[in-house]
Each structure stands twice: as structure tokens, then as C-alpha cells.
Amino acid sequence: MNLVEKAVQHGGKLAPLVIPHGLTSGTGLMNPSIFIDDKGQILVNLRHVNYTLYHAENEQKFPSRFGPLSYLHPEKDQRLVTTNYLCRLNDDLEMTHHAKVDTSELDVAPMWEFVGEEDCRVVQWLDDYYLVGVRRDTTTNGVGRMEYSRIEIDWDNWAVKEVRRVRIKAPAPDTSYCEKNWIPVLDKPYHFIKWTMPTELVYANPISGECEQVFVRHTKPAPKDQRGSSQVIRWGSMYISITHEVDLFKNYLKQKDAIYRHRLVVWDQELNVVGLSKEFSFLDARVEFCVGAAVHKSNLLVSFGFQDNAAFVLEVPGLVVEDLIMEALAYEN
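The structure presented is a predicted model; accordingly, all values stated were derived computationally and were not measured.

A. Up close: the sheet that holds strand S15 (residues 199-204). With respect to topology, four strands assemble into an open sheet ordered S13-S14-S15-S16, the strand pairing being antiparallel. Each edge of the sheet is formed by a strand with only one pairing partner; in this case those strands are strand S13 (183-184) and strand S16 (211-217). Alignment of S13 against strand S14 (residues 191-195), held across two bridges, turns out to be antiparallel. Its bridge partner being in S14, Pro184 is matched across the sheet by Phe192.

B. Representation of the environment of Pro20 in the model. By the secondary structure assignment, Pro20 is in the loop between strand S1 (13-16) and strand S2 (29-36). It is 17 Å that separates the C-alpha atoms of Pro20 and Asp308, two residues lying 288 residues apart in sequence.

C. Representation of the environment of Gly228. When you line up the elements, Gly228 lands in strand S17 (residues 227-228). Each C-alpha atom, one on Gly228 and one on Lys254, is 28 Å from the other, the two residues being 26 residues apart in sequence.

D. Spotlight on the sheet that holds S1. Spatial strand order, S1-S24-S23-S22: four strands in an open sheet with antiparallel pairing. The open sheet has two edge strands, S1 and strand S22 (288-296), and neither has a second partner. Within this sheet the neighbouring strands show an average axis-to-axis angle of 20°, counted without direction. Alignment of strand S23 (residues 299-306) against strand S24 (residues 310-316), held across seven bridges, turns out to be antiparallel. Bridge pairing in S24 places Leu301 opposite Glu315.

E. Spatial organisation of the pairing of S14. Of all the five residues making up S14, four are buried; the element is thus mostly covered by neighbouring parts of the structure. The hairpin turn running from S13 into S14, its antiparallel successor, is six residues long, and Tyr190 in that turn takes a positive phi close to 70°. For S14 and S15, the ladder comprises four bridges, and the chain directions are antiparallel. The partner of Ile193 across the bridge, within S15, is Leu201.

F. Representation of the pattern of salt bridges. Taken as a whole and assessed by the stated rule, the structure comprises 21 salt bridges. Of the charged contacts, one joins Asp91 and Lys297 as a salt bridge, the two residues approaching to 3.6 Å between their closest N and O atoms. Here Lys297 lies in the loop between S22 and S23 and Asp91 lies in the loop between strand S6 (80-89) and strand S7 (95-102), a separation of 206 residues in the sequence. In this structure Lys297 comes out as exposed when scored by relative accessible area, which is 59%. A salt bridge links Glu179 to Lys194; its shortest N-O distance comes to 3.3 Å. Linking Glu179 in the loop between strand S12 (159-167) and S13 with Lys194 in strand S14, this pair joins segments that are 15 residues apart in sequence. Each member of the pair Glu179 and Lys194 is classed as buried. Linked by salt bridges that have partners in common, Asp107, Arg135, Asp137, Glu147, Glu162 and Arg165 make up one network.

G. Region of the structure containing the nonpolar core. Judged by nonpolar contacts, the single largest core of 25 residues is most densely connected at Leu3, Ile240, Phe282, Leu300, Leu314, Val316 and Ile325. Looking at this core, the element that brings in the most residues is helix H2 (residues 318-329), giving five residues. Setting aside residues up to four positions removed in sequence, Leu300 forms contacts with Ile233, Trp235, Ile240, Ala293, Ala294, Val295, Leu314, Glu315, Val316 and Val321. If you look at the next biggest cluster of nonpolar residues, it comprises 16 residues, including Leu17, Leu29, Ile34 and Ile42.

Thresholds, definitions, all that
Residues numbered from 1 in each chain as written. Predicted model: local features only at pLDDT ≥ 70, side-chain atom pairs only at ≥ 80, totals over all residues. Heavy atoms only, no water. Pairing = 2+ DSSP bridges. Helix = DSSP H or I, 4+ residues; strand = E, 2+ residues; numbered from the N terminus. Axes fitted to C-alpha atoms, helices over the stretch in contact; angles between N-to-C directions. Buried < 20%, exposed > 50% of the residue type's maximum accessible area, 1.4 Å probe, protein only. Salt bridge = Lys/Arg side-chain N within 4 Å of Asp/Glu carboxyl O. Core = buried A, V, L, I, M, F, W, Y, C linked by side-chain atoms within 4.5 Å. Contact = heavy atoms within 4.5 Å.

Next comes the structure, spelled out in C-alpha cells:
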């Protein structure tokens, strides 16, 4: 299913997220995370990367010399560098403000080739605003851990500054190589769904970074591994989130490739999985990624990236969301 097509056919809209070309030099804008704060402001974290992704979409018939999935970097910098822009949208999903997140006071020399905090979800907990993503540049072998980046926003001048950075440990024994895509439970401060099916809920202390497992609830196995995408939000008496699944494979020349698809997962009030939708795409590309969702005027706003080169917010009418939920509830857990 193409979710954009279905949403637009039922009165929704697709809004591009664009900042001035001079800020990016034509490299990628991707994986936005939408959030609505307690003042009703629509905020989006927009990820900027220092490359352009080339992906052969037509059954790999037209790969580049480097393969069907290629990262094209400027000059001789082969690192994958992320910077983040906090944006504000109006009710028509038009961007009214944007500002690069100033991380200068807390930055240290990176030790690995993936630089910066990646795929940050925006949250507001106990009056503090955070970007919560994965960082992999603090060790020489790219060990990934989720990170609290507390930000302060100058609302009058629209400036954003990182004021505290806390690396989150994995639950004991904390020996995994890469932790990423933990999804915040918005009405449970400092709690994350670490794994979806089975559901693992963890609590991460925002000061010390210590993390403890709250529970693991087993479910019927999903058709594919369900990984975190959007925040976990309330929809009526249920919790919902968009998850992603990825098929990583090699083509006939043994070059890497990937296909991403998404689903809607439904939990009850105790965070028991009660539903899982069929897989869907946004714009029928093979490389798409959702990082945010928010309820707005009885509709669902979903933010996603397209081929690491474009970012969008999709307004999904409430009736379409209800259809997805009903489809998900038909999943036999």
C-alpha cells in the first residue's frame, strides 16, 4: 500500500520540508521527526547529511559503478556526517522557522567515520526539550548508543542550542555493539520501547545515562523484525507507533542493497501488542524511513525521509488511521 496516495485520496496532504540550498550545498535532507509540544507548536527535527544517496530503484537495472546503493560524497570526505535543524511549521504544514542546532560547546573530535547524532526523535519531558538519537563517533570501532541531547530554544530569535549531552547505556550487561531506534513513549517520561515484538520497555536516566529494563512482553512473532520508527503516541484508548522493517541483501554482483517498509503497531494501555498492520510504503521507493508521528486536529501527522534526499510530512486523515488500526487488530497475537 502507498500510504501517501491513500491519505491524499481521503483529503490528506503531503508537505515537503525544505531549507535554503546554501545551508546544504545540495546534499541530503532526510528522516525528519515531527512533534507537537504542550503549547501546540509543530516542531520538526530535520537531519542533514553530507552526501547524496544514489539508489537504483528499477530492479537494479541501472546501478552505479559502486553498486545499486551508493553514497556520493563531496570532495574527499568519505565520512557520514550528520547535522540537525530544528524547524517550526504552521497549521498548514508550511515551514516558518529553521535553525541549525548549535552543538559547539559539547562537541569533541570524532573517533569514527559516522559523525553526529543520527535520526533524532523530538520529545518534551517535564518541560525540557530533547533530541534523542544514536551516536557512533565516540569509539574507534563505531559502537552505537542512544543519546539524550537536551536543547534550549530561543523562541524570540529562533536559535537552538544543545546544553547537555548524555550517552545512554544499554541495560546490563551493556555489551551490545549498536543500539539505535529506541522510540520514546511520549506520555511516560524517559521511557523507551527498545524492541517492539516482543515489547521491551526501558527507563533511561536523563542525568546519569543508566538504563534499566522495565519489562519484556512476548508476542506472536512478526512476519519480519519490527524496528523502531516514530515515537509511541496516544490514539484514543490505545498506543500506536509506526515501525519499520528492512530487507538487507546483495545483488547478483554481491553488492549491498536494501528495501525498507513500514507498519502500524497497536498496543493497549498496558503496552501489550494487540495489532500489527500490513506493510506499506510512503511513495513506493525502496529506501524510505519514518522518524516521527503526532496527532493534530484528529489527524495523524507522519514525517518520513525519501531516499536520504528529501523529507516530508504527511497528513493522514483520522478515518485512514482508523482503517489501519482495524487492519492491525485483525492480526492474531
